[in-house]
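Results of the structural survey
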Amino acid sequence: AWTESLCLPELVALETSLDPLIHRVFARLRQVANEELSHMSLSVVAASGRDRDASLCANRRSGVVILGLDGLREAASVHDTEHVIAWHIAHELAHAALHFDGHAPAYPVAEAEADALGVFFFERAGYGCAWVIDMKRLRTEYRLGTREATVRNVTEACRLAELGQRPPRLLR
């Protein structure tokens, strides 16, 4: 049974048939993000409740990546399940690396930064960041207000990631 806090009382940790895949993908991404996150103890869990996609319950020392099972199933009906899981984990690990130092920017900027660094982690883990660009073109919600700005952000992050370069922070 899950014993760590999920930050929101309506979230319930679940054991699912996806757990082996979730944990394998998490270990792969955690390894490539270790330089940025070596100071944090992190884990991952699938959950049911209000959050349909993914979220992070964290402080400066520890955190839990929470994957919303309903959102995973819905996204996996359109995209490859492993890539969906990997993208959500990469994005939340990016939040852990960027936004739990007491300097979190406003929501749209924080999400755009997590998209960019998540692309870097995703590419370094061998998933191929072009997948993220394609997925962002299909989404109906956009981090930077428009499809074009969001796709431009992840496209530039992908270009840098393919060169082995970490994307810059948007605002500091």
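In this text the structure is predicted, and so the values were computed from the model without any measurement.

Before going further, it helps to spend a moment on the pairing of strand β3 (residues 54–58). In summary, the side chains of a regular strand alternate between the two faces of the sheet. When you tally the buried positions in β3, you get 4 out of 5 residues, the bulk of the element. What sits between the antiparallel neighbours β3 and strand β4 (residues 62–68) is a turn of 3 residues.

Right, let's talk about empty space enclosed by the protein for a bit. Any space left empty among the atoms is revealed by the rolling of a water-sized probe across them. If you walk through the whole model with that rule in mind, you get 1 cavity of 30 Å³ or more. Approximately 50 Å³ is the volume found for the largest cavity. Considered class by class, the residues forming the lining of the largest cavity number 7 nonpolar, no polar and 3 charged.

What follows concerns helix α3 (residues 69–76). For an α-helix, 3.6 residues make a turn, and residues three or four places apart therefore share a direction. Buried within α3 we find Leu69, Gly71 and Leu72. End-on view of α3: buried residues confined to an arc of 160 degrees, all on one side of the axis. In this structure, the buried residues of α3 make contact with β1 (12–14), α1 (19–32), β2 (41–48), β4 and α4 (81–99).

Attention now moves to the packing of aromatic side chains. By the definition in use, this model includes 4 aromatic pairs. Ring centres of tryptophan 87 and phenylalanine 122 lie 6.0 Å apart, and the angle between their planes is 75 degrees; this geometry places the pair in the edge-to-face category. Here tryptophan 87 is found in helix α4, whereas its partner phenylalanine 122 is found in helix α5 (residues 107–124), with 35 residues between them in sequence. Take tryptophan 87: its relative accessible area is 3%, and that puts it in the buried class. An angle of 25 degrees between the planes, with centres 5.6 Å apart, marks the rings of phenylalanine 122 and tryptophan 131 as stacked. In this structure, phenylalanine 122 and tryptophan 131 share a single accessibility class: buried. An aromatic cluster is built from Trp87, Phe122, Tyr127 and Trp131, whose rings are joined through pairwise contacts.

The rules behind these values
- Residues numbered from 1 in each chain as written.
- Predicted model: local features only at pLDDT ≥ 70, side-chain atom pairs only at ≥ 80, totals over all residues.
- Heavy atoms only, no water.
- Buried < 20%, exposed > 50% of the residue type's maximum accessible area, 1.4 Å probe, protein only.
- Helix = DSSP H or I, 4+ residues; strand = E, 2+ residues; numbered from the N terminus.
- Pairing = 2+ DSSP bridges.
- 1 Å grid on protein atoms, 1.4 Å probe; cavity = no way out; pocket = protein on both sides within 12 Å on 5 of 7 lines; lining within 4 Å.
- Points joined across faces, edges and corners; volume = space filled by probe spheres on them.
- Nonpolar A, V, L, I, M, F, W, Y, C, P; charged D, E, K, R; others polar.
- Arc of directions from axis to C-beta.
- Contact = heavy atoms within 4.5 Å.
- Phe/Tyr/Trp six-rings, centres within 6.5 Å; stacked < 30°, edge-to-face > 60°.

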